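Residue-level listing of the chains:
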Amino acid sequence: MAKSSNKDYFGLGRILSIILAIIPVTSWLLGAITRFKEGKIVAGIIRLVFGFTIVWIIDLVLMILNGKIMRLLNI
C-alpha cells in the first residue's frame, strides 16, 4: 500500500479521495479544511470563496493524476 500520510483529504485511500473529489460540495469543504489544517489561512479562505469554480476541476484532475489537491498559494 502506498504512503497515505502525504496524500490529501486526511490520508484517505486514493479511490475514496477521488470519489470525494468528484462531489463538488465535499471537494470544496475538504479542500478548504485541508488548507486550514496545514496552517494556510489565506489559501483556505480563497478555497472557500472560489472553490466551486475552476479550482474544483483542477483539484479533480490533480487528485486523479497524483492524489493531491492544487496548492497555488503557500500563504
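Residues numbered from 1 in each chain as written. Predicted model: local features only at pLDDT ≥ 70, side-chain atom pairs only at ≥ 80, totals over all residues. Heavy atoms only, no water.

Caption draft 1: How the structure looks around the packing of helix H2 (residues 24–37) against helix H3 (residues 41–50). Contact geometry for H2 and H3: axes closest at 7 Å, N-to-C directions at 170°. One way to sum up the angle between H2 and H3 is to call them roughly antiparallel. From H2, Trp28, Gly31, Ala32, Arg35 and Phe36 reach across to H3, where they touch Ile41, Ala43, Gly44, Ile45, Arg47 and Leu48. Partitioned by chemical class, the residues of the contact of H2 with H3 number seven nonpolar, two polar and two charged. (Axes fitted to C-alpha atoms, helices over the stretch in contact; angles between N-to-C directions. Helix = DSSP H or I, 4+ residues; strand = E, 2+ residues; numbered from the N terminus. Parallel < 35°, antiparallel > 145°, perpendicular 65-115°, else oblique. Contact = heavy atoms within 4.5 Å. Nonpolar A, V, L, I, M, F, W, Y, C, P; charged D, E, K, R; others polar.)

Caption draft 2: Spotlight on the nonpolar core. In this structure, Tyr9, Ile18, Leu20, Ala21, Leu30, Leu60, Met63 and Ile69 together form the largest nonpolar core, which totals eight residues. Those elements giving two or more residues to this core turn out to be helix H1 (14–22) and helix H4 (54–66). Here this core gets three residues from one element, more than from any other, and that element is H1. Other than its neighbours up to four places away in sequence, Ile18 contacts Leu60, Met63 and Ile64. (Core = buried A, V, L, I, M, F, W, Y, C linked by side-chain atoms within 4.5 Å. Buried < 20%, exposed > 50% of the residue type's maximum accessible area, 1.4 Å probe, protein only.)

Caption draft 3: View of H2. In this model H2 runs 20 Å from its N-terminal to its C-terminal C-alpha over 14 residues, within 8% of the 20 Å that 1.5 Å per residue would give. Along H2, the residues that are buried comprise Ser27, Leu30, Gly31, Ala32, Thr34 and Arg35. Its buried side turned inward, H2 meets H1, H3 and H4. One or two steps after H2, the chain reaches Gly39, where phi turns positive at roughly 85°. (Expected span 1.5 Å × (residues − 1).)

Caption draft 4: Expanded view of the pattern of salt bridges. As enumerated under the stated definition, the model contains three salt bridges in all. For the salt bridge of Arg35 with Glu38, the shortest nitrogen-to-oxygen distance reads 2.6 Å. Since its relative accessible area comes to 33%, Glu38 is described here as partly exposed. What you see here is one network of salt bridges that share partners, running through Arg35, Glu38 and Arg71. (Salt bridge = Lys/Arg side-chain N within 4 Å of Asp/Glu carboxyl O.)

Caption draft 5: Just the side chain of Arg47, in detail. If you trace the backbone, Arg47 turns up in helix H3. In this structure the side chain of Arg47 is engaged in a polar contact, spanning 2.5 Å, whose partner is the side chain of Asp59. In contact with Arg47, other than residues within four places in its own chain, are Trp28, Gly31, Ala32, Arg35, Val55, Asp59, Ile69 and Met70. (Polar contact = N/O pair within 3.5 Å; in protein donor to acceptor, adjacent residues only side chain to side chain.)

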